[in-house]
Amino acid sequence: MSDVNLKSGPFSCSSSHSSFSSLMSSASSNSPFENGVMLYMVYLSKEELQTFKQLLVDENPRPGSVQITWDQVKTARWGEVVHLLVEFFPGRLAWDVTHDIFAKMNQTELCLRVQMELNDILPNLEPEDLNPREMPVNLEEGESDKIQEYRLHMMDEYSMIRIMTTWFGNHVDFFYQDIERHERFLPCLFLPKRPQGRQPKTVVLQGVAGVGKTSLAKKVMLEWAENKFYPHKFWCAFYFHCREVAQVDEQSFEELIACKWPRVQSIMSKIMSKPDRLLLLFDGFEEVTLTLTDRPADLSDDWSQKLPGSVLLTSLLSKRMLPEATLLITLRFTSWRKLKPFLKCPSFITLTGFSMAERAKYFRTYFRNKREADEALSFAMGNTILFSMCQVPAVCWMVCSCLRQQMETGADLAQAYPNATAVFVQYLSSLFPTKPGSLPRNTHQKQLAGLCYLAAEGMWNMRWVFDTKDLEQAKLDETTVANFLHVNIFQRVAGDRDRYAFAIISFQEFFAALLYVLCFPQRLRNFWVLDRVQITRLIAYPGRKKNYLAQMGLFLFGLLNEKCASAAGRSFGCKLSLGNKKKLLKVAALSYECSPPTLHHGVPQLFYCLHEIREEAFVSQILSNCQKAALIISKKKDMQVSAFCLQHCQRLRDLELTITVTITQVCALNPDPLHSTEPESSDQCFLWWQDFCSVFRTHENLEVLALTNTSMETESVNVLSAALRHPGCKLRKLTFRCLHPSMLNEDLIQVLTENRYLRYLEIQGTEVRCEAMEFLCTALKCPQCSLQCLRLSVTPKSWLDLARDLGSNKHLKTLKLGSSYLETFGACYLSVAQLERLSLENCDLTSLMCKSLTSSLKSNETLTHLSLAENALEDEGAKELCSALRHSTCPLQRLVLRNCALTADCCQDMASVLDKNKTLRSLDLGFNSLKDDGAILLFEALTKPKSGLQILELEQCLLTSDCCPAMASMLLHNQSLRYLDVSKNDIGLRGTVLLREAFQQRKGEKVVL
């Protein structure tokens, strides 16, 4: 493959650029495109893809490859073409062939992309001669006929997916809407991945209940049956619900697929001879109580052997049986822990249901009338918790249905629904089979209590399917269960008459929460008391994992809202108790105080719960002691709930903030979300951002802000700038880490001159462009700038300009520069007369530059702390510094020369400094190769009684036990040393004993070994 000149031709696929942008926006964590190879294939239009496939068929076979037929590529989409290339052309051959075809199509820039990708992944690709492509085993005519017969049967079975994907019951207003993103995922489910360019053999579709995992798996079956899904790869595909494995005591895999396809027996041997041509889909893990076996000895690789259900399923999932087969598995997040130990190198794809645009489209289609759709959509978008629930298609319909009912009565939606929970109150109470007054009150209450008990027990124990024993324990008789089935609160588990589940998981979560607000007059305490552990579980956000109880927690806090509780009591015709509210108040406040959120948590789950209860006095009490918050705002709902909760953190002192959500201001009023890039929601997010920033001017205790890994548009930056410049803002410390360069605009930098409280500014990992540097220099020399500490890890064009402007700043006392190249004028900073602390870490200083530093150091009368760590000063540079430190007027108290490429050759000069300098109190020489000879010189100098050094750090200096006698003698005779660090040195047992004996005789100092 030859190199390609970037300027050799225009990019000829501009028409598909939006497709690629859409794809890359999806190529986030756990999408099928993540780490995928040849993603540039999406640039091809439909016509260009057809041309590519035709040229691929015409391509002459190469060593290690075989001829591709038109039948194999005829219906293939771009992701399947990539899979076919990697499958049929091992190693770099796939990229060579792709490059040659692009060249024939005059796709110059795509040729360049192929070359760049190959250069990147080539070291990890297996050599093509190690993977010779076997001649394909073809099906004979009779065998193909039998498989075609099976395909036709699968088409009949799965062609009704859309028709059958309806809400349980006969709701005439329910309609099905495709999830477009899932449609895009289909041809890329087995997209080869970096770094080896291998096709995944186990793919896990994960997501919450109801987002379309089963629908997508069945769509795979339908497309395979229609010969549209990886037609070059799979002879046969089988869809298994896990109950089919669990409900039979013993069966073989052969018998399992015979149940799917009775006529398979005649070609079973042929199919099993090529297990790599098998696609196995597994669904419904949540609906079985089967325990997978963790005993390797129990597993089997014999597909004809009868095995217990758990052993058969584990053998297949762990690839002990049919290791070459491809697996597609659907899972809720709650089931991952159970399956994790058994899956081999799984590739994960997270399904999230309706996107924001698809939710908006659903509302528009449901309401039809534009005015009603605008009103409903505006209300739903204004409650981000409710709108996020609409990712689940069935919930989206439910919300639309409830909103329409209220709108038809002319009700104010905000009054009707004080929170998201209130929508579920209305819908589920309308379904409840025994309306208030239709049965004796006691019977009605018992049915509701039994339903709530069943739901709660299931939630606490991660159980979603219930048998007759569970129903009996909840005191739900057959008549009651039949009623719940009739109104679609329950549904039967398919294929099992005696097992039931809630129609959607949100119903179980709601009724589980309702248990803890029901009133039980017969109990000693008239409500079901939540204990501390349960409350903690409800509001926990365990690191990067999802808390499966989070939605139940939201519903509980929502039901404790007095307006919502009152509506629930009326709607369900029952007495409610808010007795758990005090317990929540006590435990939640203590939990937040003891375990403040970290950056791994994003936004605390407690913030969502507090936003759902929406009672300001309650929220303020819980957050009254919140002094530090670390937030990652990655979704619009994060912004809304954080803005609400921070308003009530009146004692907040320290805020660490990362914003990855797009905040834009759009002037258009109520635009159509179907024909724009979500402007209405963006406008709301901008308003929430304004509310968020108001805390900087209203919270007088807020002194620290760290903004990290953030990119914002100018309008949003200006909102923040205005808040920080407000007279009420008392921020003292401001840190910017890894920001987009455009954020450092004039408005933001003017905070330095207009905020009279600001004392500390840090800019790290952010490009400071010329214009921003000019703004910064102007601000620093302004008399109104009260900055005392400036820390930069940037590489501006001119340090001299900055040094000059710093010279006119009378307040600056500390300057820290890191990861910068100072050339020959780093010493300029020492001429800034008022500096007391200077750090020039990792600034490429050398021994030659130390001469100018030394000259300035001798004349400086204020500098007490100097750090030159991470610079290759070497011994010559250290000796230059020592000449200044021996000067009688040098005020330096702490010197850090950590990792400066020093050896024992400089230690005599250092020892001289320790002997003559009476102001130096702290010396850090860690991570230098001083060895025993150098250390002994230092210890001997410190043995003298007039040494003033209090801290000596010699971490990882290649010391051994040979220097320990001198160290022990120094410890016995030196009365000023208070801290000695000799960690990460091999001083051995002998040295440790010597030191222990020495410092046992003398108390007060700390020795770190």
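Described below are features of the structure shown in this document. Note that the structure is predicted; figures quoted are calculated from it, not measured.

For the rest of this paragraph, the subject is the pairing of strand β11 (residues 654–659). Taken across its six residues, β11 has five buried, putting it largely inside the fold. Where strand β10 (residues 628–633) meets β11, six bridges bridge the pair, whose relative direction is parallel. Paired with Leu-631 across the bridge in β11 is Leu-657. Pairing analysis gives five bridges linking β11 to strand β12 (residues 704–710), with the strands arranged parallel. Considered in β12, the bridge of Asp-654 is made with Val-704.

Quick look at the pattern of salt bridges now. Applying the stated criterion across every chain yields a total of 30 salt bridges. Here Glu-80 and Arg-77 are joined by a salt bridge, their closest N and O atoms 3.0 Å apart. Note on Glu-80: relative accessible area 0%, which makes it buried. Taking the shortest distance from any N to any O, the salt bridge between Glu-615 and Lys-581 comes out at 2.5 Å. One end of the pair, Glu-615, is in the loop between α30 (605–613) and α31 (616–622); the other, Lys-581, is in helix α29 (residues 580–594), with 34 residues separating them in the sequence. Neither residue differs from the other here; Glu-615 and Lys-581 are each classed as buried.

Next up on the list: the pairing of strand β15 (residues 789–793). With four of five residues buried, β15 is to be regarded as a mostly interior element. Across four bridges, the pairing between β15 and strand β16 (residues 814–818) is parallel. Looking at the pairing, Cys-789 lines up with Thr-814 of β16.

The buried fraction of helix α12 (residues 253–260) amounts to six of the eight residues, a majority that puts the element mostly inside the structure. For α12, the set of buried residues is Phe-253, Glu-254, Leu-256, Ile-257, Ala-258 and Lys-260.

Before going further, it helps to spend a moment on the sheet that holds strand β2 (residues 236–241). One open sheet holds the five strands; their spatial order is β2-β4-β6-β1-β7, and the pairing between them is parallel. Here the strands that pair on one side only, and so sit at the sheet edges, are β2 and β7 (347–350). This sheet shows a mean twist of 15 degrees between the axes of neighbouring strands, independent of strand direction. Across the sheet, α12 touches β2 and β4 (278–283), and the angle it forms with β2 is around 95 degrees.

What follows covers the packing of helix α19 (residues 393–408) against helix α21 (residues 420–431). To characterise two packed helices, one gives the angle between the axes of the helices and the distance between these axes. Two elements in contact, α19 and α21, have axes whose closest approach is 10 Å; the angle formed by their N-to-C orientations is 85 degrees. The orientation of α19 relative to α21 falls into the category roughly perpendicular. On α21, the residues that touch Val-395, Trp-397, Met-398, Val-399, Cys-402, Gln-405 and Gln-406 of α19 are Val-423, Phe-424, Gln-426 and Tyr-427. Its residues assigned to classes, the contact of α19 with α21 shows eight nonpolar, three polar and no charged.

What follows deals with helix α4 (residues 78–88). Counting buried positions over the eleven residues of α4 gives eleven, a clear majority of the element. Among the residues making up α4, those that are buried are Trp-78, Gly-79, Glu-80, Val-81, Val-82, His-83, Leu-84, Leu-85, Val-86, Glu-87 and Phe-88.

A cluster of basic side chains, namely Lys-733, Arg-791, Lys-816 and Arg-837, defines a positive patch on the protein surface. Inspection of the secondary structure assignment puts Arg-837 in strand β17 (residues 837–841). Classification of Arg-837 by relative accessible area gives partly exposed; the value is 40%.

Its place among the elements puts Pro-521 in the loop between α25 (505–514) and α26 (532–539). Sequence separation of Pro-521 and Lys-575 is 54 residues, and the distance between their C-alpha atoms is 9.2 Å.

In summary, soluble globular proteins display a tendency toward joint burial of nonpolar side chains. Phe-363 and Phe-511 are the most contacted members of the largest nonpolar core, which totals 341 residues. Setting aside its immediate chain neighbours within four residues, Phe-363 contacts Ala-373, Ala-376, Leu-377, Ala-380, Phe-387, Cys-390, Cys-396, Val-399, Cys-400 and Leu-403.

All told, the structure shown has 40 aromatic pairs when counted by the stated rule. Between Phe-238 and Phe-240, the ring centres sit 6.3 Å apart and the planes meet at 20 degrees, which makes this aromatic pair stacked. One exposure class covers both Phe-238 and Phe-240, and it is buried. An aromatic cluster of at least three residues, connected via ring pairs, comprises Phe-424, Phe-432, Phe-466, Phe-484, Phe-490, Tyr-500, Phe-502, Phe-510, Phe-511, Phe-555 and Phe-572. Of note, Arg-359 hangs over the ring of Phe-387, and the distance from its end group to the ring centre comes to 4.8 Å. Sitting above the plane of the Tyr-760 ring, Lys-733 keeps its charged end 4.7 Å from the centroid.

What counts and what doesn't
- Residues numbered from 1 in each chain as written.
- Predicted model: local features only at pLDDT ≥ 70, side-chain atom pairs only at ≥ 80, totals over all residues.
- Heavy atoms only, no water.
- Buried < 20%, exposed > 50% of the residue type's maximum accessible area, 1.4 Å probe, protein only.
- Helix = DSSP H or I, 4+ residues; strand = E, 2+ residues; numbered from the N terminus.
- Pairing = 2+ DSSP bridges.
- Salt bridge = Lys/Arg side-chain N within 4 Å of Asp/Glu carboxyl O.
- Axes fitted to C-alpha atoms, helices over the stretch in contact; angles between N-to-C directions.
- Contact = heavy atoms within 4.5 Å.
- Parallel < 35°, antiparallel > 145°, perpendicular 65-115°, else oblique.
- Nonpolar A, V, L, I, M, F, W, Y, C, P; charged D, E, K, R; others polar.
- Patch = residues over 30% accessible without salt bridge, like charges linked within 9 Å, V, L, I, M, F, W, Y side chains within 5 Å.
- Areas by Shrake-Rupley, 256 points an atom, 1.4 Å probe, with all protein chains shown as cover.
- Lys, Arg positive; Asp, Glu negative; His and termini not counted.
- Charge placed at Lys NZ, Arg CZ, Asp CG, Glu CD.
- Core = buried A, V, L, I, M, F, W, Y, C linked by side-chain atoms within 4.5 Å.
- Phe/Tyr/Trp six-rings, centres within 6.5 Å; stacked < 30°, edge-to-face > 60°.
- Lys NZ or Arg CZ within 6 Å of the ring centre and 35° of its normal.

Limitation: the analysis is restricted to geometry and does not speak to function.
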